[in-house]
Amino acid sequence: MFALKIALRYVLARKSHRAVNVIAMIAVGGVAVAVAAMVVVLSIYNGFEKLSEQRTSRMDPPLMVERADGRVIGNADSLAAEIAKIGGVDAAFPTITERALLVTDMGQLPIVFKGVGDDYSGAVVSLDSLIETGVYATESSTDLPAISVGVGVANKLSIIPDRAPVAHLYVPRRVGRINPANPGAAFSEQTVIISGVFRVDDPDIDGDHILVPLSVARDILMYDTEATAIELAVTPENAATAQEAVAKALGDGFTVRNRIEQRQESYRMIAIEKWVTFMMLMMVLVIALFNIVSTLSLLVIEKRDNMSTLRALGATHRSIGSIFAIQGFVITLFGGIIGIILGVALALAQEYGHFITLGSEPGQSVIEYYPVSVRATDLLAVLAAVLAMSLVMSATARILARRSIR
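This one's a predicted model, so the numbers in the text were calculated from it and none came from an experiment.

Asks: Any chance you could explain the packing of aromatic side chains here in plain terms?
Replies: In this description, an aromatic ring pair is defined by two values, namely the gap between the centres and the angle between the planes. Scanning the model with the defined rule gives three aromatic pairs in all. Aromatic pair F93 and Y120: ring centres 6.2 Å apart, planes at 80 degrees, arrangement edge-to-face. One end of the pair, F93, is in strand β2 (residues 91-104); the other, Y120, is in the loop between β3 (107-116) and β4 (131-134), with 27 residues separating them in the sequence. Neither F93 nor Y120 differs from the other in exposure class; each is buried. An angle of 75 degrees between the planes, with centres 5.2 Å apart, marks the rings of W275 and F278 as edge-to-face. With W275 and F278 both in helix α9 (residues 264-302), this residue pair falls three residues apart, about one helical turn. Accessibility expressed as a relative area gives 9% for F278, which makes it buried.

Structure, rendered in structure tokens:
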């Protein structure tokens, strides 16, 4: 208590040289700016992660069941019917996702097609709401199956759904022999009509994905009741419970993934970039702490006579060292707290005020301003870093004081 009182008195008291006060303020400001930058940058990464969740969830199902070994699910129709009976699951639909070649009169493009049943739209994902041009349909007036293509596919192949362009899907044959004299026989082909163009504002999906009827996907792949996945319709409040129940019912041979787990690689990259940036900013904070060391050195020099007086009054080396240790801790912590408050204020101002834009023309970008989201876990991480640095400064101040005691 004695050391704390004297330390706070030293921090708040006017110094004999005004330059010491100025240097101390600069040191505290440097720490505050570095900490504020950490809070703001982490919040920006949170904003992009939140934006990614919102965008991808428009196409991804709430829950997806796949085989753990990555193979095709046999008897997917009957398995989907059994899964639909599990508590918390509203419906289950087999789907097929595979690569193919899409050929039109304007060119050809490698794509990823997703085969879904007639009842899929609206139950799992509202495909109708994703259509930007044309309509979502599974049949056409010409008795040809209808498909919908991503906006990127439409742009690359100059597709106009209103004109009902005919297209052809090609995939390598799964069974049968290949005749070298007739390479075309090595592919299965399906003629379709393009009825709509969808947009989910995800370049990975818009750029090369198309939607086809499940029957078309099975025909071209020579499947009967197989599927690559079973997608589940669940309410958000039942998602976690349903995921656990389905995983328990299916056993280790299957994986049940929610929306975030379906995009795990993307979120992992964002998290890695976020914390790598955090460590780089930690180095900036360390550099800012050198100013604190300079300030503590000046304070120790200025209070050298006071230390001699305290020694004469019976104070030990340990107690005198504690005075300056507390002083170093308080100065660093004070700068860190100011930085956290400043960083949170800036982040909230951007989150609700949208002051900093991306500089693109309105309507030409998915987002027009930097997304920001403040999370308590990040603030705790920053506070922990500040406390750790404060302890380092406390130890540094103790060493400086002990070496200066006469």
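From this point, the narrative continues.
Asks: Which parts of the structure should I look at to understand unusual backbone geometry?
Replies: Both trends apply: most residues other than glycine have a negative phi, and most peptide bonds are in trans. Positive phi, normally seen in glycine, also occurs at M222, with a value near 60 degrees. Locating M222 in the fold gives a position in the loop between α6 (214-221) and β9 (229-233). Judged by relative accessible area, which is 31%, M222 ranks as partly exposed. Notably, H354 is not glycine yet its phi reads approximately 55 degrees, a positive angle. Checked against the element boundaries, H354 lands in the loop between α11 (317-353) and α12 (376-404).

Asks: How should I be thinking about the pattern of salt bridges in this particular structure?
Replies: Opposite charge on two side chains allows them to pair when their charged atoms are near. Counted by the stated rule, this structure contains nine salt bridges. The shortest N-O distance in the salt bridge between E132 and R199 comes to 2.6 Å. A residue pair is termed long-range when its members are at least 10 positions apart, and E132 in strand β4 and R199 in the loop between β7 (187-198) and α5 (203-206) qualify at 67 residues. Residue class for E132 comes out partly exposed when judged on its relative accessible area of 43%. D378 is the partner of K274 in a salt bridge, and the nearest nitrogen-oxygen pair spans 3.1 Å. Note that K274 is positioned in helix α9 and D378 in helix α12, a separation of 104 residues in sequence. Beyond isolated ion pairs, a larger network of salt bridges with shared partners links R67, D69 and R71.

Asks: Explain the pairing of strand β5 (residues 146-150) to me, please; I cannot follow it from the model alone.
Replies: Consecutive residues of a regular strand have side chains that alternate between opposite faces of the sheet. The element β5 is largely enclosed, with a buried count of five among its five residues. For β5 and β7, the ladder comprises five bridges, and the chain directions are parallel. Across the sheet, the residue bridging to V149 is V197, located in β7.

Asks: What exactly am I supposed to notice about a negative patch on the surface here?
Replies: Taken together, the side chains of D118, D119, E139 and D143 define an acidic patch exposed on the protein surface. By the secondary structure assignment, E139 is in the loop between β4 and β5. Assessed through its relative accessible area of 65%, E139 is described here as exposed.

Asks: What am I meant to see in the layout of surface pockets here?
Replies: Any empty space left between the atoms is revealed when a probe the size of a water molecule rolls over them. For the largest pocket, the calculated volume is near 560 Å³. The wall of the largest pocket is formed by 24 residues, among which M64, E66, T97, H209 and R257 lie closest to the centre. Every element with two or more residues in the lining of the largest pocket is listed here: β1 (63-67), β2, β3, α5, β9 and β10 (254-258). Its residues assigned to classes, the lining of the largest pocket comprises seven nonpolar, seven polar and 10 charged.

Asks: What am I meant to see in helix α7 (residues 239-250) here?
Replies: Along an α-helix, a turn takes 3.6 residues, which lines up residues three or four apart on a common side. With 12 residues, α7 extends 16 Å between its outermost C-alpha atoms, agreeing within 8% with the 16 Å of an ideal straight helix rising 1.5 Å per residue. Its buried side turned inward, α7 meets β1, α3 (76-83), β9, β10 and α8 (259-262). Phi turns positive one or two residues past the end of α7, at G251, with a value near 85 degrees.

Reading guide: rules and limits
- Residues numbered from 1 in each chain as written.
- Predicted model: local features only at pLDDT ≥ 70, side-chain atom pairs only at ≥ 80, totals over all residues.
- Heavy atoms only, no water.
- Phe/Tyr/Trp six-rings, centres within 6.5 Å; stacked < 30°, edge-to-face > 60°.
- Helix = DSSP H or I, 4+ residues; strand = E, 2+ residues; numbered from the N terminus.
- Buried < 20%, exposed > 50% of the residue type's maximum accessible area, 1.4 Å probe, protein only.
- Salt bridge = Lys/Arg side-chain N within 4 Å of Asp/Glu carboxyl O.
- Pairing = 2+ DSSP bridges.
- Patch = residues over 30% accessible without salt bridge, like charges linked within 9 Å, V, L, I, M, F, W, Y side chains within 5 Å.
- Areas by Shrake-Rupley, 256 points an atom, 1.4 Å probe, with all protein chains shown as cover.
- Lys, Arg positive; Asp, Glu negative; His and termini not counted.
- Charge placed at Lys NZ, Arg CZ, Asp CG, Glu CD.
- 1 Å grid on protein atoms, 1.4 Å probe; cavity = no way out; pocket = protein on both sides within 12 Å on 5 of 7 lines; lining within 4 Å.
- Points joined across faces, edges and corners; volume = space filled by probe spheres on them.
- Nonpolar A, V, L, I, M, F, W, Y, C, P; charged D, E, K, R; others polar.
- Expected span 1.5 Å × (residues − 1).
- Contact = heavy atoms within 4.5 Å.

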